[in-house]
Amino acid sequence: MMKSKADEEDYWNSSKFKAFTFDDEDDEFSRLKESKRAVNSMRNLVEEDEGDDDEEEVEKVSWSGEPVGSISWSVSETAASNQKADREPAFPKVSTDSVTMSRSHSGYSLSSLFKGKTKAANFQSFSDSPSDSSLRLYAPELRKPKSEYKDYVSNWSPEETVQRMQQGKVVSLEKFRSLQDKLLLLDFAVRGHDGNVITAILIYLKRTLSKEVLFRELESRQTALRHLIHYLTETRDQRLLLELLRALGRMEDVALLQYKEHLSIADENKRRDFLKTCLNLPFSPEDSAHIQDHYTLLERQVIIETTDRHAERGGKVEVFQKFPRRASILNMPMITTLYYCCFYHYTEPEGTFSCPLNIRQTFKISEKQYFVTALAARAKLKAWSDVDALFTSRNWLGFTRKKSPLGFQRVVDILQKNSAPTEVLQNYVALVDDAELRISLAQKHKCHDIVINTYRDLKDRQQLLGYRVKVKRGSAEERKIDELLNNSQIRWKN
Amino acid sequence: MAQSARTDCPELPDFSLLKRLARDQLIYLLEQLPGKKDLFIEADLMSPLDRIANVSTLKQHEVDKLYKVEHKPVVSTSDQLCFLIRPRIQTVKWICDVANADKAVGRFRRYKIIFTPRKFYACEAVLEEQGIFGEVTTDEWSFSLLPLDDDVISMELPEFFRDNFLAGDQRWVRTAGSALHLLHSLYGPFSKLYGIGRCSKMAYESWREQVEEGEQTTRQAEIGKVFLIDRDVDFVTPLCSQVVYEGLVDDIFRIKCGCVEFGPDVTSSDKSLKVMLNSQDKVFSEIRNEHFSNVFGFLSQKARNLQGAYDKRRGMDIKQMKTFVSEELKGLKQEHRLLSMHIGASESIMKKKTKQDFQELLKTEHSLLEGFEIRESISFLEEHISRQVSMMESLRLLCLLSITENGLLPKDYRSLKAQYLQSYGADHLLTFSNLRQAGLLAEQPAGEALSAMESKVGKLVNDKAAGKLSDAFSSLGRKSNFRALSRKLNLVPKSDEEYDLRVPRDMAYIFSGAYVPLSCRLVEQVLERDGWSGMEEVTRLLNGHEFAVTGGSGAEARTQSDAQRIVLVMFLGGCTFSEISALRFLGREKGYKFIVVTTAITNSSRLIESLLGNQI
């Protein structure tokens, strides 16, 4: 008992000046404010200067690319020269002349010009500053503002205190010791809508209240609560943040926050193990499934990556030689992984982890999604027979026909984006149901046969005549059109 | 464009003063640390700083070397280090590390941190915790208004959006209030302020407090009216693909602080070109607000005119030639350079857009805006996702679908989410959680779901549930009620009429005639009615927080009629170039001049990027 009391007193003594004062520079601050006001009020003076060079300087930045004098340019210059500096000894010698205390009055200084003028305007605080600042540099403890003392004596109410804080003035919060006072502070801060002050009060409350009490009181103060959550996020106080969310019963947020930690784990094995621990987090059932997938996926990626890296180095697997892997598959999305496996492991038996069909089953990938991905991967490899096989289905009579879960128009699009040749493209253009769409696609991809046959089927002589001009003179297409036009069997509609 | 435009638009105030103020204040702060010093600048402050000062300005005030803040050990040999940073805890921690590392090797240096636009108590608490409070001097540089153009001012605070609308942190409210206060004291007094949104209301109150704290100004007002709007009042507009020139350039090349970098594909050389895009560029200023379909025609006409002007040289005698060279040639050359650049940019835009099936994408967006053929749009989106077309575009369409439909049917939500995670990575689970929290993505509660038929017709909207905060506890998001708002405010013009994009008849032209941006429609309506009267239904659907108040005492009497038609529109959480174009159009039509103040320029990518959850 005695000891703790002594501690407390000790605390008070030592905190007399280092107490919770956010700002020991009241005079500095108010001077700045004054200067701002003064500058504001001197609009006319400033306007008179308009003609001088400085104005020009500002505007010069405009045209002609990045001006040499610009700040971004200069920073990149220092960055470049720093690379040289890096190689120099770690502790550069201390230069002797750089501790120049005297303030060098640069004749160019804009604000010193300013000062000259403003003196006439009966404005004095500027002139105090040089002596003050050098004094401060030497002996910070000497310039403890005396005015501050007043704060400990005078009796600001919670409301007044909050107001002063909003204005950026010095305050001490230490005297607000009762819970009621603390909450009054908080409530006034919230009423003042200044997030800066709300957070300041919260920092004080966090320091002087037990977690249980603080959390309890915040539950009914949503605005303040959000500020504390944001503050803890920014200071990366993960532990307390989790405690807070748990106390509030926001279990999904707890889960998400913990899950988020995996982003900062670079090592894939550690990350996988961490994800495994995430499986027990209190996610919603829906999200639990996503986390499970994430874990399973990374687990597989680690296996696939090891095997494939080995195979690639071994130099015996043809596909890796012909199409070297551009990046590791680790941490890639599921669809990318599926694409990768369709690319490198298409024909593997279903038992392996990298077999596309196995992946499709494990992650319940829809038929359409699987189809699109496999199509793109096989087309990229120009494995046209695989592409063809994707569409082939047999009906119960054993006839094959081409079926697609995706419109053939899209199929053509995907193939074309993977630079399929016209011979391949036309097989699929021909399967587009809508005649008009088929023609426009065929024209776009120069599948002349399809255009010609479609016009023939539509018995559209005029269009056919029109198309004749578009094909190469003397080509097989032209001959085919001529044959059709001369064919007396066809009953043209026009 | 807009031949019918009124010619009596008032003149804009001169905002270059803001730049001078910011620069002078910075110089003053630098002089507070006399002697040679190295300056460390936060990466995202470099471009804004470039707009108001340059290296020689800094050198004149004894800045020796410049570094970018990179959260790595410093290599500087200077005895004085000055840090110009945003008030971010991680940056301050890094500075503490630097100072403590120096201490550990017995090195003495002086440190000064200049926070901009303000310092936060939380940052100083870090200094205290790390034991260097008092050893580091701190200051504030209240640089919060950067004029990007004659009528656009940016606060360059992109984090405003995430902090306020995702985290629910009100740290920037006072900054917004102060920015407004500065404008008020320089160009006010404002006679009338309107606004909508939680944050707008708070910013207004903060402004009012600051007006009461400070002295009263008795100036001739240059800005009469102010309209404040929260970004979450209208998420639909920034999620749409932009099709006016400036918006397109931003979507594709990303305009940063009024400056864009055109790559070799635009410049048709091996070099990239950084250029400022503003009203100083005579070619740009004529096409920036045009629908893209008009831009080609305009540029080729311009090219012909230029050719004609060059051709005049033929048949000139020496004297005429001399005058031509001295008077005209420079201008022609300049115009030539501008023209070829914008032609290059347009070509590059065309190439990129045709490659990604832009037409089909726009068609889907328009269907969503109209509430028509929703199932088809969902299949389009599914295909987009399954083909891994673009991670961002897929999210954008998903959010647009959710907001225009007042939330997704649970089964659609679940299946789209599952497909998304498969295509772009399971860690986007965190992104989905963010999007839900910010209200960009929602699941319709089971009972409220529309039947497939109803959603197809797109007419029936559950108005009863409107205005209720969905779940104030876990989410800041609100119900969107877009469909009902669209009908009430006539946002989607009838599609059976031809829309001539060359002669736009309303603000819908910025989206090819398919949609009038909600945000700008609200501005139009409120100015017309001088308040919210008669719009009770609309404000209820927008979840309230609207206000219309008179400015300071007696402000009205002193305000000239010209100033009454200068309207400052402040977007809290960002605005798009398309919205700026729409307001410019509205201004020409109604004889207003709009000044846009925004926390940052945004677009669909920036909006969604700021909510991605899979970043450390």
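Model, not experiment: these values are computed from the prediction.

Peer 1: Quick question: what am I supposed to make of the overall build of chain B here?
Peer 2: Within chain B, the regular secondary structure consists of 27 helices and 14 strands. For 616 residues, the compact-globule estimate of 2.2 N^0.38 gives 25 Å, and chain B sits close to it at 26 Å. With the principal axes as the frame, chain B shows a C-alpha extent of 80 × 75 × 60 Å. Per-residue burial over chain B gives 64% buried out of 616 residues. In chain B, of all internal contacts separated by at least 6 residues, the share reaching a separation of at least 24 is 79%. Per element, the accessible surface of chain B, about 22500 Å² overall, is 51% carbon and sulfur. Both charge centroids of chain B, one from 81 positive and one from 85 negative side chains, sit 2 Å from each other.

Peer 1: Before we go on, may I ask you to explain the overall build of chain A in this structure?
Peer 2: Each helix and strand counted, chain A has 28 helices and 2 strands in total. Burial analysis of chain A (494 residues in total) assigns 44% to the buried set. When the accessible surface of chain A is split by element, carbon and sulfur atoms take 51% of a total near 27300 Å².

Peer 1: Would you mind showing me how to read helix α14 (residues 318-355) of chain B here?
Peer 2: Helical geometry note: an α-helix holds 3.6 residues per turn, so side chains three or four residues apart project in the same direction. Given a rise of 1.5 Å per residue, 38 residues ought to cover 56 Å, and the 51 Å separating the end C-alpha atoms of α14 of chain B matches this to within 8%. D357 of chain B occupies a position one or two residues after α14 of chain B and carries a positive phi of about 55 degrees.

Peer 1: Explain the packing of aromatic side chains here, please?
Peer 2: Aromatic rings in a pair are described by how distant their centres are and how their planes are angled relative to each other. Residues and elements named next belong to chain B. Under the criterion given, the structure shown has 33 aromatic pairs over all chains. Between the aromatic rings of Y413 and F432, the centroid separation amounts to 6.5 Å while the plane-to-plane angle is 75 degrees, which identifies the pairing as edge-to-face. One end of the pair, Y413, is in helix α18 (residues 410-424); the other, F432, is in helix α19 (residues 429-438), with 19 residues separating them in the sequence. Residue Y413 is classed as buried on the basis of its relative accessible area of 2%. Relative accessible area serves as the criterion here: at 2%, F432 is assigned to the buried category. Where Y420 meets F432, the ring centres are 5.5 Å apart and the plane angle is 65 degrees; that geometry is what we call edge-to-face. Taken together, the residues span a long stretch of sequence, with Y420 in helix α18 and F432 in helix α19 at a distance of 12 residues.

Peer 1: For this particular structure, what's the right way to read the pattern of salt bridges?
Peer 2: Where charged atoms from two side chains of opposite charge approach closely, those side chains can pair. Taken as a whole and judged by the stated rule, the model has 61 salt bridges over all chains. Between R436 of chain B and E443 of chain B there is a salt bridge, with the nearest N and O atoms lying 3.1 Å from each other. What you see here is one network of salt bridges that share partners, running through E286 and D287 of chain A together with R414, K417, R436 and E443 of chain B.

Peer 1: Is there a simple way to think about unusual backbone geometry in this case?
Peer 2: When glycine is set aside, most residues are seen to have a negative phi, and most peptide bonds are trans. Between T116 of chain B and P117 of chain B the backbone carries a cis peptide bond, its omega angle lying at 0 degrees. With respect to the element layout, P117 of chain B can be found in the loop between β4 (110-115) and α5 (121-129). In this structure, K459 of chain A is a non-glycine residue whose phi angle is positive, near 55 degrees. For K459 of chain A, the location among the structural elements is in the loop between α26 (448-458) and α27 (461-468).

Peer 1: Would you explain the sheet that holds strand β8 (residues 192-196) of chain B in this entry?
Peer 2: Backbone-to-backbone hydrogen bonds pair the strands of a sheet. The strands run either parallel or antiparallel. All names here are of chain B. Spatial strand order, β6-β7-β14-β13-β9-β8-β12: 7 strands in an open sheet with mixed pairing. In this open sheet, the two strands that pair with only one neighbour each are β6 (146-149) and β12 (546-550). The sheet shows a mean angle of 20 degrees between the axes of neighbouring strands, taken without regard to direction. In the sheet, strand β9 (residues 225-230) pairs with strand β13 (residues 566-572) via 6 bridges, with the strands oriented parallel. Paired with K225 across the two strands is V567, which belongs to β13.

Peer 1: What is the right way to look at the environment of S386 of chain B in this model?
Peer 2: Positionally, S386 of chain B belongs in helix α16 (residues 374-386). Separated by 215 residues in sequence, S386 of chain B and R171 of chain B have C-alpha atoms that sit 40 Å apart. Residue contacts for S386 of chain B: discarding those within four places in its chain leaves I335, Q369 and V372 of chain A together with S423 of chain B.

Peer 1: I tried to follow the sheet that holds strand β1 (residues 37-41) of chain B on my own but got confused; where do I start?
Peer 2: Residue and element names in this part refer to chain B. Pairing in this open sheet of 5 strands is parallel, and the strands run β2-β1-β3-β4-β5 from one edge to the other. Looking along the sheet, the strands with just one partner apiece sit at the ends: β2 (63-68) and β5 (136-140). Each adjacent strand pair in this sheet contributes to an overall mean axis angle of 20 degrees, direction not counted. Both strand β3 (residues 80-85) and β4 contribute to a ladder of 6 bridges, which runs parallel.

Peer 1: In this structure, what is going on with the side chain of S519 of chain B? I would like to understand it.
Peer 2: Residue placement: S519 of chain B occurs in helix α22 (residues 518-529). Setting aside its immediate chain neighbours within four residues, S519 of chain B contacts I229, R231, D234, T237, F571 and E579 of chain B.

Peer 1: Can you walk me through the environment of V516 of chain B in this structure?
Peer 2: Relative to the elements of secondary structure, V516 of chain B occurs in the loop between α21 (482-488) and α22. Placed 504 residues apart in sequence, V516 of chain B and L12 of chain B show a C-alpha to C-alpha distance of 25 Å.

Peer 1: I'm lost on the confidence of the model for chain B in this one. Help?
Peer 2: Close inspection of predicted coordinates is inappropriate for parts of the model with low pLDDT. Residues and elements named next belong to chain B. The share of residues in chain B with pLDDT of 70 or more is 91%, and the mean pLDDT across the chain is 85. The least confident element of chain B, judged by mean pLDDT, is helix α20 (residues 452-457) at 42; the most confident is helix α9 (residues 236-239) at 96. Of the regions scoring below 50 in pLDDT, residues 448-477 engages in 58 contacts with residues more than four places distant in sequence or in other chains. As scored by the predictor, the complex reaches a pTM of 0.80 and an ipTM of 0.88.

Peer 1: Can you help me understand the nonpolar core in this one?
Peer 2: One recurring pattern in soluble globular proteins: nonpolar side chains tend to sit buried together. The biggest cluster of nonpolar side chains holds 252 residues, and the ones touching the most others in it are W141, L183, L440, L522 and M570 of chain B. The residues contacting W141 of chain B, other than those within four sequence positions of it, are A22, Q25, L26, L29, L49, I52, L84, I114, F115, T116 and P117 of chain B. Core analysis: the next-biggest nonpolar cluster, separate from the first, contains 58 residues, A376, F408, I414 and A420 of chain A among them.

Peer 1: Sorry, what's going on with the pairing of strand β14 (residues 593-598) of chain B here?
Peer 2: The two faces of the sheet receive side chains in turn, since in a regular strand these alternate between them. Residue and element names in this part refer to chain B. Counting buried residues along β14, 5 of its 6 residues qualify, which places the element largely inside the surrounding structure. In the sheet, strand β7 (residues 152-154) pairs with β14 via 3 bridges, with the strands oriented parallel. From the neighbouring strand, V152 faces β14, where its bridge partner is V596. Pairing analysis gives 6 bridges linking β13 to β14, with the strands arranged parallel. Directly across from V569, in β14, lies its bridge partner V596. In this region the chain leaves β13, passes through helix α26 (residues 577-590) and returns to the parallel neighbour β14; the handedness of that crossover is right-handed.

Peer 1: Mind showing me how you'd approach the state of the cysteines here?
Peer 2: Each disulfide consists of one covalent bond between the sulfur atoms belonging to two cysteines. All names here are of chain B. Throughout the structure, instances matching the rule amount to 0 disulfides over all chains. The thiol of C123 is not disulfide-bonded; the next cysteine sulfur, from C96, is found 9.7 Å away. Under the relative-accessibility criterion, C123 is labelled buried at 1%. For C259, which is in no disulfide, the shortest distance to another cysteine sulfur is to C257 and amounts to 8.2 Å.

Peer 1: How should helix α10 (residues 179-191) of chain A be read in this particular structure?
Peer 2: Residues and elements named next belong to chain A. Between its first and last C-alpha, α10 extends 18 Å over 13 residues, near the 18 Å set by a 1.5 Å rise per residue. All of the buried residues in α10 are K182, L183, L185, L186, F188 and A189. Contacts made by the buried residues of α10 are with α9 (158-166), α11 (195-208), α12 (211-218) and α13 (222-234). H193 occupies a position one or two residues after α10 and carries a positive phi of about 60 degrees.

Peer 1: Can you walk me through the packing of α10 of chain A against α12 of chain A in this structure?
Peer 2: In a packed pair of helices, the relevant descriptors are the angle between the two axes and the axis-to-axis distance. All names here are of chain A. The N-to-C vectors of α10 and α12 enclose an angle of 45 degrees; their axes lie 12 Å apart at closest approach. With respect to α12, the element α10 is oriented oblique. Classified by chirality, the crossing of α12 by α10 is right-handed. On α12, the residues touching L179, L183 and L186 of α10 are V213, R216, E217 and L218. Looking at the contact of α10 with α12 residue by residue, the class counts come to 5 nonpolar, no polar and 2 charged.

Peer 1: Explain the confidence of the model for chain A to me, please; I cannot follow it from the model alone.
Peer 2: All names here are of chain A. Across chain A, the average pLDDT comes to 73, with 67% of residues at 70 or higher. Predicted confidence for residues 1-66 stays below pLDDT 50, and this span has 126 contacts to residues more than four positions away or in other chains. The model gives residues 84-151 a pLDDT under 50, and that stretch makes 75 contacts with residues more than four places away or in other chains.

Rules and cut-offs
Sequence positions are assigned chain by chain, starting from 1 and proceeding in written order. Each chain gets a letter, beginning with A, and each ligand a number, beginning with 1, in the order they are written. Thresholds applied to this predicted model are a pLDDT of at least 70 for local features of residues and 80 or more for the giving and counting of side-chain atom pairs; totals over whole chains, interfaces and linings are not thresholded and use all residues. Calculated side-chain values reflect all of the structure's heavy atoms, with hydrogen atoms and water omitted. Secondary structure elements are defined from DSSP: runs of H or I of at least 4 residues count as helices, runs of E of at least 2 residues count as strands, and each element is numbered from the N terminus. Radius of gyration: over C-alpha atoms. The globule rule applied is 2.2 Å multiplied by the number of residues raised to the 0.38 power. Partly exposed residues are those whose accessible area sits between 20% and 50% of the maximum for their type, while under 20% is buried and over 50% is exposed, using a 1.4 Å probe and protein chains only. For this analysis, residues touch if any pair of their heavy atoms sits within 4.5 Å. Note on areas: these come from Shrake-Rupley sampling with a 1.4 Å probe, and a residue is covered only by the protein chains present in the view. The charge count includes Lys and Arg as positive and Asp and Glu as negative, but it does not include His or the ends of the chains. A charge is said to be at NZ when it belongs to Lys, at CZ for Arg, at CG for Asp and at CD for Glu. The span expected for a helix works out to 1.5 Å for each residue beyond the first. Only centres within 6.5 Å qualify two rings of Phe, Tyr or Trp (six-membered ring in Trp) as a pair; their planes then separate them into stacked at under 30 degrees, edge-to-face at over 60, and tilted for everything else. In what follows, salt bridge is the name for a side-chain nitrogen of Lys or Arg lying within 4 Å of a carboxyl oxygen of Asp or Glu. Paired strands are those between which DSSP finds at least two bridges. As a rule, the C-alpha atoms of each element are fitted with a line to give its axis, helices using only the stretch in contact, and angles between N-to-C directions run from 0 to 180 degrees. Summary of the metric used: pLDDT quantifies the predictor's per-residue confidence within the range 0 to 100. Here, the term nonpolar core denotes a set of buried Ala, Val, Leu, Ile, Met, Phe, Trp, Tyr and Cys residues that are joined through side-chain atoms within 4.5 Å. The handedness of a crossover follows from its direction of travel: if, with the strands pointing away from the viewer, the path from the first strand over the helix to the second runs clockwise, the crossover is right-handed. What counts as a disulfide here is a pair of cysteine sulfur atoms lying within 2.5 Å. Throughout, the term roughly parallel applies to angles under 35 degrees, roughly antiparallel to angles over 145, roughly perpendicular to angles from 65 to 115, and oblique to all others. When the near helix sits turned anticlockwise from the far one by under a right angle, the crossing is termed left-handed; a clockwise turn instead gives a right-handed crossing. Classification used: nonpolar for Ala, Val, Leu, Ile, Met, Phe, Trp, Tyr, Cys and Pro, charged for Asp, Glu, Lys and Arg, polar for all others including Gly.

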